[in-house]
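Geometric and topological summary
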Amino acid sequence: MKKVGVLIENYFDEKELIYPYFRLQEDFKVDLIGTEKNVEYTGKSGSFKMKSNISSKEANPDDYEAIYIPGGFSPDGMRGCEDTIEFINKIHEQNKPIAAICHGPWALADAIDLKGIKMTSVPKIKNDFIHAGCEWIDEAVVIDKNIITSRTPSDISKQVPKFVEMIKNK
């Protein structure tokens, strides 16, 4: 069974983590990859928690078919972990699917060269990506090579099926 990683860090957006996490389990083995293993990470509401089962340092990119990066404020924490950034970079170098939503693309900005990539994010941070050389597009789902991005939780029901299809066709 193919394995997919869902990245987790404190202050994740609950909707952007829970829906993909459980939907992906219908077709794949799913790991919650945190900066640390067996740590309970708290969502941005402050009351919902999910526990990582592997750290980004231990996660071997060769073992994963794809990764999903939820938003909220968690991508800022992900950016502060060199192992997480390196993991994302290696997944990208292997041309494996990477999905990110809302603020999730922030983690991509530190991990890969975004020049010339078409993508979207929550509009509030679009200038970060424009300055990084992206072609920022205000659409529910933007796919460019192995990267699939969306703006907000309202787009997630359009993004995740395309991500699942992308993984299955890889």
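Right above here is the structure, for reference.
Model, not experiment: these values are computed from the prediction. (Residues numbered from 1 in each chain as written. Predicted model: local features only at pLDDT ≥ 70, side-chain atom pairs only at ≥ 80, totals over all residues. Heavy atoms only, no water.)

Helix and strand counts for the protein stand at 6 helices and 11 strands. Computed over the C-alpha atoms, the radius of gyration of the protein is 14 Å, within 12% of the 15 Å expected from 2.2 N^0.38 for a compact globule of 170 residues. Expressed as lengths along the three principal axes of its C-alpha atoms, the size of the protein is roughly 35 × 35 × 30 Å. Looking at the protein residue by residue over its 170 residues, the buried ones come to 55%. Excluding contacts between residues fewer than 6 apart, the proportion of contacts in the protein whose partners are at least 24 apart in sequence is 62%. Counting every atom, the protein has about 7800 Å² of accessible surface; 46% of that belongs to carbon and sulfur. Computing the positive centroid from 23 side-chain charges and the negative centroid from 27, the protein places the two 3 Å apart. (Helix = DSSP H or I, 4+ residues; strand = E, 2+ residues; numbered from the N terminus. Rg over C-alpha atoms; globule rule 2.2 N^0.38 Å. Buried < 20%, exposed > 50% of the residue type's maximum accessible area, 1.4 Å probe, protein only. Contact = heavy atoms within 4.5 Å. Areas by Shrake-Rupley, 256 points an atom, 1.4 Å probe, with all protein chains shown as cover. Lys, Arg positive; Asp, Glu negative; His and termini not counted. Charge placed at Lys NZ, Arg CZ, Asp CG, Glu CD.)

This part takes up the nonpolar core. Leu 24, Tyr 68, Ile 69, Ile 88, Leu 108 and Phe 163 are the most contacted members of the largest nonpolar core, which totals 54 residues. It is helix α6 (residues 156-168) that provides the largest number of residues to this core, a total of 6 residues. Each residue touching Ile 88, except ones within four places of it in the same chain, is listed here: Leu 7, Ile 67, Ile 69, Ile 98, Ala 107, Leu 108 and Ala 111. (Core = buried A, V, L, I, M, F, W, Y, C linked by side-chain atoms within 4.5 Å.)

Bringing the sheet that holds strand β2 (residues 29-34) into the picture now. Strand order in this open sheet of 7 strands is β5-β2-β1-β6-β7-β11-β10, and the pairing throughout is mixed. Each of the sheet's edge strands pairs with one partner strand only, and the pair in question is β5 (54-55) and β10 (141-144). In this sheet, β5 lies alongside β2 in parallel orientation, the contact comprising 2 bridges. Directly across from Gly 34, in β5, lies its bridge partner Ser 55. This element, helix α1 (residues 14-24), spans β1 (3-7), β2, β6 (66-69) and β7 (98-101) of the sheet and lies at about 170° to β1. (Pairing = 2+ DSSP bridges. Axes fitted to C-alpha atoms, helices over the stretch in contact; angles between N-to-C directions.)

It is worth spelling out the environment of Val 39 at this point. Here Val 39 lies in the loop between β2 and β3 (40-42). Looking at Val 39, the relative accessible area reads 23%, which means it is partly exposed. In this structure, the C-alpha to C-alpha distance between Val 39 and Thr 149, residues 110 residues apart in sequence, is 27 Å.

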